[in-house]
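# Structure assessment
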Amino acid sequence: MKILANDGISQKGISLLEKNGFDVITTNVAQEQLGHFINKNEVMGLLVRSATKVNKDLIDACPNLKLVGRGGVGMDNIDVEYAHKKGIQVINTPSASSLSVAELVFAHLYGGVRFLYDANRNMPLEGDSKFKQLKKSYGNGKELAGKTLGIIGFGRIGQAVAKLALGAGMKVVFFDPLLDDVSLTLSFFDGQSVTFHLKKTDKEELLRISDFITVHVPAQKNYVLGKNEFDLMKDGVGIINAARGGVIDEVALVDALESDKVSFAGMDVYESEPRPEIRILMHPKISLTPHIGGATNEAQDRIGIELAEQIISHFK
């Protein structure tokens, strides 16, 4: 039985599948050629990440396709409802990359409050000639400990972010339309654990009181953060988006950065991805990564193994 991992899969996932009798193909097939390739090679399972689109046309073109797997959380690139109508099993790995995304959020946060995103641009250019001036420019950083982190969207990733924030000594407030209260348990290396009980905060209140705001929601029809939301925020707030491009109004964000309403932003996803706007890429107050939230070796191994286990369970 053939499985096409069109956007790749870890070697651990491949090994587990092959051990159970599956033939894993890791060729990356262009979207317009995908249907023909699947049919020609008698592929029964298609694994994707965010690059490959599994839409109605592809599903109709592949009548022998029995399973579609998404390596990650969001499935906005898969027509899940139509796949189910056609009898295709759809699986994903909702928890495998949560910690990786959460740690990237904190990489942007720590880099933001200490100006690393800008210092790493300017030190190679002027570190030898303007060392004292740069030291003065970057010498008024902030600590995260004691500050308030507002988390919009409190699913697995939002909760993973909250755990890191609590461990760093931050106050955490969250808004999620589907959750009213959550208990989070932080486990430590020596077996100790501490449980925190958090209650939902009204979104407008969260916007007003947070020193930093991070968004963890699926793709939306409307902006989660736009001009009206920025107007409610504290002056000097920091903004992080490692969720989906299009949940933050990037024009309003740039305006807020220019007016110092927002002190810095950390972005891993973009409205016009994979070609982010030049104003975003060149802005001196934005820390940039190319959609790598879940792209750690550990997360990829967890994703591969979890996909493999679900495939084996489904077909065996």
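Residues numbered from 1 in each chain as written. Predicted model: local features only at pLDDT ≥ 70, side-chain atom pairs only at ≥ 80, totals over all residues. Heavy atoms only, no water.

## What to know about the overall build of the protein
The number of helices and strands found in the protein is 13 helices and 13 strands. Over its C-alpha atoms, taken along the principal directions, the protein stretches across nearly 65 × 45 × 40 Å. Counting across all 316 residues of the protein, residues that qualify as buried make up 47%. Pairs at least 24 residues apart make up 59% of the contacts formed inside the protein by residues separated by at least 6 positions. As displayed, the protein offers around 16100 Å² of accessible surface, 51% of which is attributable to carbon and sulfur atoms. Positive and negative side-chain charges in the protein, numbering 36 and 39 respectively, have mean positions lying 2 Å apart. (Helix = DSSP H or I, 4+ residues; strand = E, 2+ residues; numbered from the N terminus. Buried < 20%, exposed > 50% of the residue type's maximum accessible area, 1.4 Å probe, protein only. Contact = heavy atoms within 4.5 Å. Areas by Shrake-Rupley, 256 points an atom, 1.4 Å probe, with all protein chains shown as cover. Lys, Arg positive; Asp, Glu negative; His and termini not counted. Charge placed at Lys NZ, Arg CZ, Asp CG, Glu CD.)

## Let's talk about the packing of aromatic side chains
Using the criterion set out here, one finds six aromatic pairs in the structure. Taking 4.1 Å as the distance between ring centres and 10 degrees as the angle between the ring planes, the aromatic pair formed by phenylalanine 154 and phenylalanine 174 counts as stacked. On the criterion of sequence distance, the pair formed by phenylalanine 154 in the loop between strand S6 (148-152) and helix H8 (156-167) and phenylalanine 174 in strand S7 (residues 171-175) is long-range, its members being 20 residues apart. Since its relative accessible area comes to 0%, phenylalanine 174 is described here as buried. Here the aromatic residues Tyr117, Phe212 and Phe264 are joined through ring pairs into a cluster of three or more. (Phe/Tyr/Trp six-rings, centres within 6.5 Å; stacked < 30°, edge-to-face > 60°.)

## Comments concerning unusual backbone geometry
Comment: phi is negative for the bulk of residues other than glycine, and the bulk of peptide bonds are trans. With omega at 15 degrees, the peptide bond leading from glutamate 273 into proline 274 counts as cis. Relative to the helices and strands, proline 274 resides in the loop between strand S12 (262-267) and helix H12 (278-281). In this structure, aspartate 260 takes a positive phi of about 70 degrees despite not being glycine. Its place among the elements puts aspartate 260 in the loop between helix H11 (250-258) and S12. When its relative accessible area of 45% is taken as the criterion, aspartate 260 is described as partly exposed.

## Focus on the domain arrangement of the protein
It is common to give the size of an interface as the accessible area lost on bringing the parts into contact. Taken as a whole, the protein is organised into domain 1 (2-94 + 297-315) and domain 2 (143-284). The centre of domain 1, based on its C-alpha atoms, is set 31 Å off from the matching centre of domain 2. Taking both sides of the interface into account, the surface hidden between domain 1 and domain 2 amounts to around 350 Å²; carbon and sulfur atoms contribute 50%. The largest per-residue losses of area from domain 1 upon contact with domain 2 belong to Val73, Asp76 and Pro94, which jointly make up 81% of the total buried on that side. Along the contact surface separating domain 1 from domain 2 lie one salt bridge. (Domains from an automatic or database assignment. Buried area = accessible area lost by both parts, 1.4 Å probe. Salt bridge = Lys/Arg side-chain N within 4 Å of Asp/Glu carboxyl O.)

## Some points on the sheet that holds S12
Taken in spatial order, the six strands of this open sheet run S7-S6-S10-S11-S12-S13, and their pairing is parallel. Each having just a single partner strand, S7 and strand S13 (286-288) make up the two edges of the open sheet. Looking at each pair of strands side by side, their axes are set apart by 15 degrees on average, direction ignored. Of the strands in this sheet, S12 and S13 are in contact with helix H6 (residues 116-126), which crosses S13 at around 80 degrees. (Pairing = 2+ DSSP bridges. Axes fitted to C-alpha atoms, helices over the stretch in contact; angles between N-to-C directions.)

## A word on H8
Compared with an ideal rise of 1.5 Å per residue, which puts twelve residues at 16 Å, H8 spans 17 Å between its outermost C-alpha atoms and is within 8% of the ideal. When we look at burial in H8, the residues that qualify are Ile157, Gly158, Ala160, Val161, Ala162, Ala165 and Leu166. Check the buried side of H8 and you find it contacts helix H5 (98-113), S6, S7, strand S8 (181-187), strand S9 (193-199) and strand S10 (212-215). (Expected span 1.5 Å × (residues − 1).)

## Description of the packing of helix H1 (residues 11-19) against helix H13 (residues 297-315)
Interhelical geometry of H1 versus H13 gives an angle of 20 degrees and a closest axis separation of 7 Å. It follows from the interaxial angle that H1 and H13 lie roughly parallel. Crossing of H1 over H13 shows right-handed handedness. When H1 is examined against H13, the residues Lys12, Gly13, Leu16 and Leu17 are found in contact with a partner set consisting of Asp301, Gly304, Ile305, Ala308, Glu309, Ile311 and Ile312. Its residues placed into classes, the contact of H1 with H13 shows six nonpolar, two polar and three charged. (Parallel < 35°, antiparallel > 145°, perpendicular 65-115°, else oblique. Left-handed = near helix turned anticlockwise from the far one by under 90°. Nonpolar A, V, L, I, M, F, W, Y, C, P; charged D, E, K, R; others polar.)

## Considering a nonpolar patch on the surface
A grouping of Phe188, Phe189 and Val194 is seen on the molecular surface, where their side chains present a nonpolar patch of about 370 Å² in accessible area. Inspection of the secondary structure puts phenylalanine 188 in the loop between S8 and S9. (Patch = residues over 30% accessible without salt bridge, like charges linked within 9 Å, V, L, I, M, F, W, Y side chains within 5 Å.)

## Comments concerning the UniProt feature "domain: D-isomer specific 2-hydroxyacid dehydrogenase NAD-binding" (unreviewed entry) in the protein
UniProt's entry tags residues 131-293 with the feature "domain: D-isomer specific 2-hydroxyacid dehydrogenase NAD-binding" (unreviewed entry), counted in the numbering of this structure. Measuring from the first to the last C-alpha atom of residues 131-293 gives 33 Å, for a span that is 28% helix and 26% strand. (UniProt positions renumbered as here; feature names shortened; annotations may be inferred.)

## Side note on the packing of H5 against H8
Viewed as axis vectors pointing N to C, H5 and H8 meet at an angle of 50 degrees, and their least axial separation amounts to 8 Å. What the angle tells us is that H5 and H8 run oblique. Remark: the crossing between H5 and H8 carries right-handed chirality. Contacts from Ser98, Leu99, Val101, Ala102, Glu103, Val105 and Phe106 of H5 reach H8 at Arg156, Ile157, Ala160, Val161, Leu164 and Ala165.

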